[in-house]
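# Coordinate analysis (summary)
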Amino acid sequence: MAKEKPNTETPRNTSPGIRLIRVIDRTIHISSTDRQREVDYTIQNDTDDSTFNFVLLPLRKFERNLKVYDEDGTRLNYYPNSFVKESLENGRSNSELADNVEAILDNFQYQIYIQLQPDKTLDPGELRTIQLTFEQSESVDYYRIWEPSLFSGWLSVWERKFFRIPSFIADVKRFPEMSNDLFIVVVGAPGYSATGDGEVSGTEPSGTIYENGLDDNTRVVSTRLPAPDNDEYDYKMSYRLIPANDSMMWSLAFFWGAATILGIGSVGAYVLDNISSVPEAVSLGISTATASDIGQLLSGGIITVILGLVFALNADWTDRYRILSIVPLLIHSIAWLLWRL
């Protein structure tokens, strides 16, 4: 299973005077390998008389191609992490900045100091949503053909055996200081459905955890995590992208199984010297054929179909199936040569 961790940002504390209301963390799959992240922070000025012209938001790690947007779509500037650290180390007079940084500095490696628009400061009591976007940098993992084992699972998890199915993990740690709701949203790539399951470890919160679409054949799945009670808890959502073409997948898997069985049977028939037991009255619709003709025609036809599929299937998820097609192709090639003798 993939080790990918979207590193959902869930600050333990917000800046003094600014309250974190809600975090929506979206992973948007452009394809099965390319993903983008959007994290929406809904904050509120919780004071009666203070106005803020900046916002501090945390990041667990450096993110690629990071961009920040105000809720009206305006791109906002932000200072580098070194600026924030230097402001504290040099003891500058900006005590408001220092207080805000110290409130969240303990739990996160990176903090971004975001400059709001001059004419759109965060006024007393006002709600504002700030969005961070960046590229997902973690590599993609896929289910292996030997998961759960090389021989088991060909019926129960057959799609993971025959096809290249990517799997992901979205996990988050929730601390007692976090009073905000957190939403984890996954949008599957076009042509794929997202499905999975969630698991809680630690002290489960008294609030309800809502999981939507995890066991449905849908492109979008989401989970709402309530605030913890008195103890922290971890939530892990394991999900995978399944091609949204069940009939085609079933047909390909059935053909592979049937072709393999017929190939083994054809080779076995020749080895057991059962050719003479095939009645000469067997008709192929054209004329009476011998067992040798039947064997050659059967294997030759299946070889042709397999080669056609290998060249016709060009989607990412069919790569493994094309490799597995070598098995019935090799068996029928051997059968065809035997029947030619």
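Keep in mind that this is a model prediction, so the values were computed, not measured.

## Observations concerning the confidence of the model for the protein chain
Here the protein chain averages 81 in pLDDT, while 82% of its residues score no lower than 70. At the level of individual helices and strands, the protein chain shows its lowest average pLDDT in helix H2 (residues 95-104), which scores 47, and its highest in helix H6 (residues 319-324), which scores 94. Below a pLDDT of 50 lies the segment residues 277-288, which in the model reaches 12 contacts outside its immediate sequence neighbourhood of four places, other chains included.

## Concerning the packing of aromatic side chains
Note on aromatic pairs: each is described by the distance of the centres and the angle between the planes. Applying the stated criterion across every chain yields a total of 13 aromatic pairs. Consider the rings of Phe168 and Tyr239, whose centres lie 5.1 Å apart with planes at 20 degrees: the pair is stacked. With a gap of 71 residues between them, Phe168 in strand S9 (residues 166-174) and Tyr239 in strand S14 (residues 233-243) connect regions that are remote in the sequence. The burial state of Phe168 is the same as that of Tyr239; both residues are buried. Ring centres of Tyr270 and Trp339 lie 5.5 Å apart, and the angle between their planes is 80 degrees; on these two criteria the pair is classed as edge-to-face. Taken together, the positions of Tyr270 in helix H4 (residues 246-271) and Trp339 in helix H7 (residues 326-340) put the pair 69 residues apart, joining distant regions of the chain. An aromatic cluster is built from Trp154, Trp158, Phe162, Phe163, Trp250, Trp256, Trp317 and Tyr321, whose rings are joined through pairwise contacts. Sitting over the ring of Tyr143, Arg160 keeps its end group 4.5 Å from the ring centre. Between the NZ or CZ atom of Arg164 and the centre of the ring of Tyr142, over which it lies, the distance is 3.8 Å.

## Side note on the side chain of Lys161
With respect to the helices, strands and loops of the structure, Lys161 is situated in helix H3 (residues 158-162). Aside from chain neighbours lying at most four places away, what touches Lys161 is Ile145, Trp146, Glu147, Pro148, Ser149, Leu150, Ser152, Gly153, Trp154, Arg320 and Leu324.

## Brief notes about helix H5 (residues 291-312)
End to end, H5 covers 31 Å across 22 residues, agreeing with the expected 32 Å (1.5 Å per residue, within 8%). All buried positions along H5 are accounted for by Ala291, Gly295, Gln296, Ser299, Ile302, Ile303, Ile306 and Val310. Mapping the buried residues of H5 onto a view down its axis gives an arc of 145 degrees, with all of them on the same face. Along H5, exposed side chains directed more than 90 degrees from the buried face belong to Leu297, Thr304, Phe311 and Ala312. Buried residues along H5 sit in contact with H4, H6 and H7.

## Some thoughts on H4
End to end, H4 covers 38 Å across 26 residues, agreeing with the expected 38 Å (1.5 Å per residue, within 8%). Taken together, the buried positions of H4 are occupied by Met249, Leu252, Ala253, Trp256, Ala259, Thr260, Gly263, Ser266 and Val267. In this fold, the buried residues of H4 make contact with H3, S14, H5, H6 and H7.

## So, the pairing of strand S4 (residues 64-69)
Pairing between S4 and strand S7 (residues 127-135): four bridges, direction antiparallel. The partner of Tyr69 across the bridge, within S7, is Gln131.

## What about a nonpolar patch on the surface?
Residues Ile323, Ile326, Leu330 and Ile334 make up a contiguous nonpolar surface patch of about 400 Å² in total accessible area. It is H7 that provides the largest number of residues to the nonpolar patch, a total of three residues. Tracing the backbone through its elements, the reader meets Leu330 in helix H7. By relative accessible area, Leu330 is classed as exposed at 51%.

## Here we look at the nonpolar core
Ile130, Leu132, Phe163 and Tyr235 are the most contacted members of the largest nonpolar core, which totals 54 residues. It is S14 that provides the largest number of residues to this core, a total of six residues. With sequence-adjacent residues up to four places away left out, Phe163 is seen in contact with Trp158, Met249, Leu252, Trp317, Arg320 and Tyr321. Val267, Ile331, Ala335 and Leu338 belong to the second-largest nonpolar core, a separate cluster that totals five residues.

## Structural notes on the sheet that holds S9
With antiparallel pairing, the four strands of this open sheet are ordered in space as S8-S9-S14-S11. Only two strands of the sheet have a single partner each, and these edge strands are strand S8 (141-142) and strand S11 (192-202). In this sheet, S14 lies alongside S11 in antiparallel orientation, the contact comprising 11 bridges. Paired with Val200 across the strands is Tyr235, a residue of S14.

## Focus: unusual backbone geometry
A cis geometry characterises the amide bond from Glu147 onward to Pro148, with omega recorded as 5 degrees. Along the chain, the position of Pro148 falls in the loop between S8 and H3. One non-glycine residue with positive phi stands out, namely Asn65, at about 55 degrees. You can see Asn65 is positioned in strand S4. The class for Asn65 is partly exposed, based on a relative accessible area of 45%.

## Section: the packing of H4 against H5
Close contact between H4 and H5 brings their axes to 11 Å; oriented N to C, the two are set at 150 degrees. In this structure, H4 meets H5 at a crossing whose hand is left-handed. Along the contact surface, H4 presents Leu252, Phe255, Ala259, Leu262 and Ser266, while H5 presents Leu298, Ser299, Ile302, Val305, Ile306 and Leu309. Taken together, the residues of the contact of H4 with H5 sort by class into nine nonpolar, two polar and no charged.

Basis of the calculations
- All chains use their own residue numbering, which begins from 1 and follows the written sequence.
- Totals for whole chains, interfaces and linings use all residues, but because this is a predicted model, local features are given only for residues with pLDDT of at least 70 and pairs of side-chain atoms are given and counted only at 80 or more.
- With hydrogens and water excluded, all non-hydrogen atoms of the structure serve as input to the side-chain values.
- pLDDT is defined as a per-residue confidence score from the predictor, taking values between 0 and 100.
- Starting at the N terminus, helices and strands are each numbered in turn, a helix being any DSSP run of H or I of at least four residues and a strand any DSSP run of E of at least two.
- Residues are treated as being in contact if the distance between any of their heavy atoms lies within 4.5 Å.
- In this analysis, rings of Phe, Tyr and Trp, with Trp reduced to its six-membered ring, are considered paired at centre separations within 6.5 Å, and the interplanar angle assigns stacked below 30 degrees, edge-to-face beyond 60, and tilted for intermediate values.
- Here's how the labels work: a residue is buried when its accessible area is under 20% of the maximum for its type, exposed when over 50%, partly exposed in between, all with a 1.4 Å probe on protein chains only.
- Charge-over-ring contacts are defined here by two conditions on Lys NZ or Arg CZ: a distance within 6 Å of the ring centre and an angle within 35 degrees of the ring normal.
- A helix's residues, less one, multiplied by 1.5 Å, set its expected span.
- What the arc describes is the spread of directions from the helix axis to the C-beta atoms.
- When DSSP finds two or more bridges between a pair of strands, those strands are recorded as paired.
- What goes into a patch is any residue over 30% in relative accessible area without a salt bridge, connected to like charges within 9 Å or, for nonpolar side chains (Val, Leu, Ile, Met, Phe, Trp, Tyr), within 5 Å.
- The protein chains shown are the only cover counted for residues, whose accessible areas, like all others here, come from Shrake-Rupley with a 1.4 Å probe.
- In what follows, salt bridge is the name for a side-chain nitrogen of Lys or Arg lying within 4 Å of a carboxyl oxygen of Asp or Glu.
- We call a set of buried residues a nonpolar core when its members are Ala, Val, Leu, Ile, Met, Phe, Trp, Tyr or Cys and they connect through side-chain atoms within 4.5 Å of each other.
- A fitted line through C-alpha atoms serves as each axis, taken over the contacting stretch for helices, and the angle formed by two N-to-C directions is quoted from 0 to 180°.
- By definition, any crossing whose near helix is turned counterclockwise from its far helix by less than a right angle is left-handed, and any crossing with a clockwise turn is right-handed.
- Polar here means any residue outside two lists: the nonpolar Ala, Val, Leu, Ile, Met, Phe, Trp, Tyr, Cys and Pro, and the charged Asp, Glu, Lys and Arg; Gly therefore counts as polar.

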